[in-house]
Amino acid sequence: MTKVKKEKTGDEETGGTEKSYQELIANVNPIANPLASRKLSKKLYKCVKKAAKTKQIRRGVKEVQKFINKGERGIVVFAGDTLPIEVYCHLPIMCEDRNMPYAYVPSKVDLGSSAGSKRPTCVIMIKPHDEYKEAYDECLEEVTSLPKPI
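About the criteria used
- As a convention, each chain's residues are numbered from 1 in the sequence order in which they are written.
- Residues qualify for local features only when their pLDDT is at least 70, as the model is predicted, and side-chain atom pairs are given and counted only at 80 or more; totals for whole chains, interfaces and linings, by contrast, use all residues.
- To get the side-chain values, all heavy atoms of the structure are used, and hydrogens and water are removed first.
- Helical segments are the DSSP runs of H or I of at least four residues, strand segments are the runs of E of at least two, and each set is numbered from the N terminus.
- The buried label goes to any residue with under 20% of its type's maximum accessible area, the exposed label to any with over 50%, and the partly exposed label to all in between, with areas taken from a 1.4 Å probe on protein chains only.
- Whether two residues are in contact is decided by their heavy atoms: any pair within 4.5 Å suffices.
- Pairing of N or O atoms within 3.5 Å defines a polar contact, subject to two protein rules: one partner must be a possible hydrogen donor and the other a possible acceptor, and residues neighboring in sequence count only if both atoms are side-chain atoms.

Inspection of the secondary structure assignment puts Gln 22 in helix H2 (residues 21–25). For the pair Gln 22 and Pro 106, spaced 84 residues apart in the sequence, the C-alpha separation amounts to 9.3 Å.

Attention shifts here to the environment of Arg 73. Its place among the elements puts Arg 73 in the loop between helix H4 (61–69) and strand S2 (75–79). Of the residues examined, Arg 73 reaches a relative accessible area of 42% and is grouped as partly exposed. Each C-alpha atom, one on Arg 73 and one on Arg 98, is 9.1 Å from the other, the two residues being 25 residues apart in sequence. Leaving out residues up to four positions away in the same chain, Arg 73 has contacts with Arg 98, Asn 99, Met 100, Met 125, Ile 126, Lys 127 and Pro 128. At a separation of 3.0 Å, a polar atom in the side chain of Arg 73 contacts the main-chain carbonyl oxygen of Asn 99.

Across the chain, the bulk of peptide bonds are trans and the bulk of non-glycine residues have phi less than zero. In this structure, the amide linkage connecting Asn 33 to the following residue, Pro 34, adopts the cis form with an omega of 10°. Inspection of the secondary structure assignment puts Pro 34 in the loop between H2 and helix H3 (38–53). Across the junction of Leu 83 and Pro 84, the peptide omega takes the value -10°, indicating a cis bond. Residue position: Pro 84 is located in the loop between S2 and helix H5 (91–97). Positive phi is not limited to glycine here, since Lys 55 has a value of about 60°. Inspection of the secondary structure assignment puts Lys 55 in the loop between H3 and strand S1 (57–59). Judged by relative accessible area, Lys 55 falls into the exposed class, the value being 69%. Even without glycine at this site, Asn 99 takes up a positive phi of about 55°. Mapped onto the secondary structure, Asn 99 falls in the loop between H5 and strand S3 (102–105). By relative accessible area, Asn 99 is classed as exposed at 64%.

Don't take any of this as a statement about function, it's just geometry.
Shown next, in the form of structure tokens:
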């Protein structure tokens, strides 16, 4: 038996399965505040991608929580469509206690793929590094300017 290669259809080539920002916002949790805008979300995804290349990210609830407790600094990016919210609802409070900037992006699938993984990820911490300093500083400035939840 020989393998037959499937030809790509038009939908796959143009990314027909991608959802728009408005569709992603519809699935966001009630605690996802401050939610990054479309422009800031793209910047955060790019910064995560650059940080992943230099291995300067922390992925997942357990790893991010461990390094927040150890006092590591960085930007914490949460996925807004994670269910149940009890999985990570304690992390924003930990970030606020340590004056760490954090923001929510609408999709855990996009967050995981920007980190170079096939698995969705609900939390990522971006650590500062010299190779992507401009992108990091820009994201840091915009995330800190977001209004904090009450």
